Amino acid sequence: MTTAVLFVTLLVLMFLGMPIAIALGLASLLTILTLGHDSLASLVLKLYETAEHFTLLAIPFFILSGAFMTTGGVAKRMIRFANACLGHFRGGLAMASVLACMLFAAVSGSSPATVVAVGSIVIAGMVRAGYTQEFAAGVICNAGTLGILIPPSIVMVVYAAATETSVGKLFLAGILPGIVLGLMLMAAIYVRARMIDLPRQPRATFREVITAARESLWGMLLLVIILGGIYGGIFTPTEAAAVAAVYAFIIAVFVYRDIGMRHVPQVLVDAAKVTVMLMFIVANALLFAHVLTTERIPQAITEQILSMGMSQWQFLLVVNILLLVAGNFMEPTGIILILAPILFPIATQLGIDPVHLGIIMVVNMEIGMVTPPVGLNLFVTAGITNMSIVQVVRAALPWLTVLFVFLLIITYVPWLSLVVPDLLF
Amino acid sequence: MRFAWLRRLEEWLIAALLAAMTLITFGQVVARYVFNYSFVWALELVTYLFAALIFLGMAYGVRVGAHIGVDVLVKALRPGAARVVGALAALLCVVYSGIGLVGSVTYIEKIREVGILAQDLPIEQWVPRTVLPIGFAILLLRFLQILFRIATGRQQGMQLSDEAAEALKLKADNDAAADGAARP
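Here is what the cut-offs are and how they apply
- Residues numbered from 1 in each chain as written.
- Chains lettered and ligands numbered in written order.
- Predicted model: local features only at pLDDT ≥ 70, side-chain atom pairs only at ≥ 80, totals over all residues.
- Heavy atoms only, no water.
- Patch = residues over 30% accessible without salt bridge, like charges linked within 9 Å, V, L, I, M, F, W, Y side chains within 5 Å.
- Areas by Shrake-Rupley, 256 points an atom, 1.4 Å probe, with all protein chains shown as cover.
- Salt bridge = Lys/Arg side-chain N within 4 Å of Asp/Glu carboxyl O.
- Helix = DSSP H or I, 4+ residues; strand = E, 2+ residues; numbered from the N terminus.
- Buried < 20%, exposed > 50% of the residue type's maximum accessible area, 1.4 Å probe, protein only.
- Contact = heavy atoms within 4.5 Å.
- Buried area = accessible area lost by both parts, 1.4 Å probe.
- Polar contact = N/O pair within 3.5 Å; in protein donor to acceptor, adjacent residues only side chain to side chain.
- Nonpolar A, V, L, I, M, F, W, Y, C, P; charged D, E, K, R; others polar.
- Axes fitted to C-alpha atoms, helices over the stretch in contact; angles between N-to-C directions.
- Parallel < 35°, antiparallel > 145°, perpendicular 65-115°, else oblique.

### Let's talk about a nonpolar patch on the surface
All names here are of chain A.
Thinking step 1. On the surface, a cluster of nonpolar side chains totalling about 1000 Å² of accessible area is made up of Trp 313, Leu 317, Ile 321, Val 325, Phe 329, Val 405, Leu 408, Ile 409, Tyr 412, Val 413 and Trp 415.
Thinking step 2. Counting only elements with at least two residues in the nonpolar patch, the list comes to α15 (312-329) and α19 (389-412).
Thinking step 3. Element by element, the count of residues in the nonpolar patch is highest for α15, at five residues.
Thinking step 4. Turning to its location among the elements, Val 413 is positioned in the loop between α19 and α20 (414-424).
Thinking step 5. Judged by relative accessible area, which is 33%, Val 413 ranks as partly exposed.

Right, dumping it as structure tokens:
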């Protein structure tokens, strides 16, 4: 009964057009104040506890480091390197833009940010080289989703906080799947390029490749610092994020000199704005999750699922369908905080590794970002290309099938997600 | 514009909070490895700054339209109906902020009575937590303002921006910044 009231209230409030954060918070407050026993003061304390969550503290730092890295220069240099490596293949520029997305994903924890940083440069470049705009936009829209799969990833931090899984393990687990998805997209591009005869660039000399690599090295070192620091036990993931933010600041201002000191306050304001928006959702989603747990909803669902005798593969199929549907209507952070506490105990009972479940959830969120009506990557791509949303949806569709095949592989081949963390931890 | 300085203050405050959190956490790492020393109070202070950023910043987010929402349904409505729905949404946001304000005032009064001390810093816990009632009070004002504007026909709906527009704006800002930097 309470569950129904809670979810129906949430849906009604959301579709009235109020901020998602407030829809989550108000649905929880109304439900618990009319049907529950908690005092109002204790609910406010729940909201406040968001700030005391040490893992979540990594989010503002990763956002800040991403904001410094988005300052054009880093993406530009990575794109130059990618083009030098892959440009001479048929369809090489498109493959290089996938590689550039992979590289930029290693400094950014967000998918729309990756689409903007890489897409705003490469789409125009591909069109100039003779590709159609649909082709270029479709590739970038999908390749940009790598932003949350290749570490650092804000969505993974949120999952780690919701399930008390290790951030370091999740980050390591994302690397191999991220490379596989990148290669799958490149392979699809290559096949398509053979069919429609796409242009190729002159082969870059070895010296050019080396120069481009050296120039983009500073950006790529960020991931080495983060993963090396966490894995080597030098600092916690949260401290790693703060170090990354300071490092990104130094690279942008003093090494690449793309921005001056006087632009730093504006970067801070922008990053703080994104942080506030995201953390306001997180705080209210945690309140929502608290209502779920006090009503023992996860336990009830777990018992029901287990009594149905569902096997592992059946459960994972249901998980995927549920997440894909949810991903169409809600923002990833909210989905993870609400659904992870429900799915996690069942998965544990069925012997599914928490890290594997985390990667499955992340890949589903990626697909949610390229499917309407709430696909952030679609909106961003439309924004940078001046195409309509409908055009972008149509352009992204063929490449979306690659993401779906990848989701199936990730879901039923746990080895792919677990081999790297198992090897190192 | 009236209160322009107040608006700037909000902006500067959240930027300064984020910068302080980052520097203290970074400083903690440096202190531990370089000076072999760690500040016990650092984490607690960062927590307080983080809370201030979230709860003082939420109203700022409303003002600049940073909070994302689902507007597919509202966009499909006729202007008249959209205005009614917008007013209802704003009213419910007022309700949310009101509940938040009452709840946080009660909460602060309670812990002030008990007088619990902070763990590592020499202050009582209620002091940093007053960001809760302050934040909810500003949030309430912002939503009352929006409700008033919709009622008087000066605004159609909630006017949320989506994250896409935000990301693009961030990019535009940075391009402008990069252009600015390129010039001597």
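Still more ground to cover, so stick around.
### Observations regarding the interface of chain B and chain A
Thinking step 1. Contacts between the two partners involve 72 residues from chain B, matched on the other side by 74 residues from chain A.
Thinking step 2. Approximately 6400 Å² of surface area, both sides summed, lies buried where chain B meets chain A, with 80% of it carried by carbon and sulfur atoms.
Thinking step 3. The shortest N-O distance in the salt bridge between Glu 52 of chain A and Arg 129 of chain B comes to 2.8 Å.
Thinking step 4. Summed over the shared surface of chain B and chain A, the result is six residue pairs in polar contact (both at pLDDT 80 or more).
Thinking step 5. Among the elements of the structure, α1 (4-34), α2 (42-63), α3 (72-76), α4 (79-114), α6 (131-151) and α7 (163-182) of chain B are those that each provide at least two residues to the side of chain B that touches chain A.
Thinking step 6. Here the residues of the side of chain B that touches chain A sort into 50 nonpolar, 12 polar and 10 charged.

### Thoughts on the packing of helix α17 (residues 354-368) of chain A against α19 of chain A
Residue and element names in this part refer to chain A.
Thinking step 1. Two elements in contact, α17 and α19, have axes whose closest approach is 10 Å; the angle formed by their N-to-C orientations is 170°. Judged by the angle between their axes, α17 and α19 are roughly antiparallel. Contact with α17, carried on its side by His 356, Ile 359, Ile 360, Val 363, Asn 364, Glu 366 and Ile 367, involves Leu 400, Leu 403, Phe 404, Phe 406, Leu 407, Ile 410 and Thr 411 of α19 and no other residues of that element.
Thinking step 2. Within the contact of α17 with α19, the residues separate by chemical class into 10 nonpolar, three polar and one charged.

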